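Structure at a glance
Here are the chains, one letter per residue:
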Amino acid sequence: MKKIIFFDIDGTLYDFSGHMPASTIEALRQARANGHKLLICSGRAKYQMYPELFKLFDGVIGATGAYIEEDNEVLLEHFMQRELLQRIVNASNLSGAKIAAMTRNHMILNEECKDYILNQLGNVSRNTEMIKRIMGEYEISDHLEEHTDIQKVLYYGSNWQIDDMIKELSDVCDITGSSLEQKALTDGEITIKGINKSYGMRKYLELHGLSRKDTIAFGDGPNDLDMIEYAGIGVAMGNARQKLKDVADYVTKDISDNGIQYAMEHFGLI
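Figured I'd write up the structure that's included with this text. Model, not experiment: these values are computed from the prediction.

**As for the sheet that holds strand β6 (residues 98-102)**
Sheet strands pair via backbone hydrogen bonds, and the direction of the pair is either parallel or antiparallel. The strand order β8-β7-β6-β9-β11-β10 describes an open sheet built from 6 strands, whose pairing is mixed. Each having just a single partner strand, β8 (138-140) and β10 (173-177) make up the two edges of the open sheet. Across the sheet, the axes of successive neighbouring strands diverge by a mean angle of 25°, strand direction being ignored. Direction of pairing for strand β7 (residues 107-109) relative to β8: parallel, over a ladder of 3 bridges. Bridging across to β8, L109 finds its partner in I140. The strands that helix α2 (residues 82-95) touches are β6, β9 (152-156), β10 and β11 (188-192); relative to β6, the one it contacts most, it runs at about 155°.

**Thoughts on unusual backbone geometry**
Even without glycine at this site, A63 takes up a positive phi of about 50°. Of note, A63 is situated in the loop between β3 (59-62) and β4 (67-70). By relative accessible area, A63 is classed as buried at 1%. Although it is not a glycine, D71 sits at a positive phi angle of roughly 50°. With respect to the helices and strands, D71 occurs in the loop between β4 and β5 (73-77). Of the residues examined, D71 reaches a relative accessible area of 66% and is grouped as exposed.

Definitions and limits used
- Residues numbered from 1 in each chain as written.
- Predicted model: local features only at pLDDT ≥ 70, side-chain atom pairs only at ≥ 80, totals over all residues.
- Heavy atoms only, no water.
- Pairing = 2+ DSSP bridges.
- Helix = DSSP H or I, 4+ residues; strand = E, 2+ residues; numbered from the N terminus.
- Axes fitted to C-alpha atoms, helices over the stretch in contact; angles between N-to-C directions.
- Contact = heavy atoms within 4.5 Å.
- Buried < 20%, exposed > 50% of the residue type's maximum accessible area, 1.4 Å probe, protein only.

Have a look at this one:
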């Protein structure tokens, strides 16, 4: 039976230095040649996805489920409304958080947030090319609520714990802590309530008349939790958070230890 396989990017396909193992590339090529359908399922917006990925995959679920594309055709796209954005801006002001908004094509943020992100990325990686690829094109703005093409919002350096942010916004938004464990309490992502990776997977399957039982998902971080639980088979990387490993159907090896290839061989995909 051919499978529909969904992959997170950071910590799953690429390590946090921006490197994809050669074994992963070869495993993806073999799986696709064997007739399996491969989709990116990422918190990244379309503009943040490396061009070489599109040669390996059949489609994209981006912005944590708010965007679906296949064969260069947009199948679904959700935008945050002005009232919702104003709530997020107000919460960020109260919490001292810096916020950046993501559209399909670029990031929108103010100067303070831009400087903060560049500094944080520089602390995580010295790979300046990777940092430029993550940042992509960006627009400086002090009024996110005036934009009509925002798919999701990231927040950084909050004085609140994540539970405080959830308490403030959970009636209208879903809040997930950062994929970087040391930042999970003060940094995170804010999405439209009910729109997450599993929502994007479900919508993709509905549009194509495909079955959930034929899906496999690979992930490593907090915003992969619903994706791993929803998939017919949920695979956690060896380097994944323990909470994700606890709900996964299978835990493979680390990304740096050929984890994607190992799992795909285990399940007979290649």
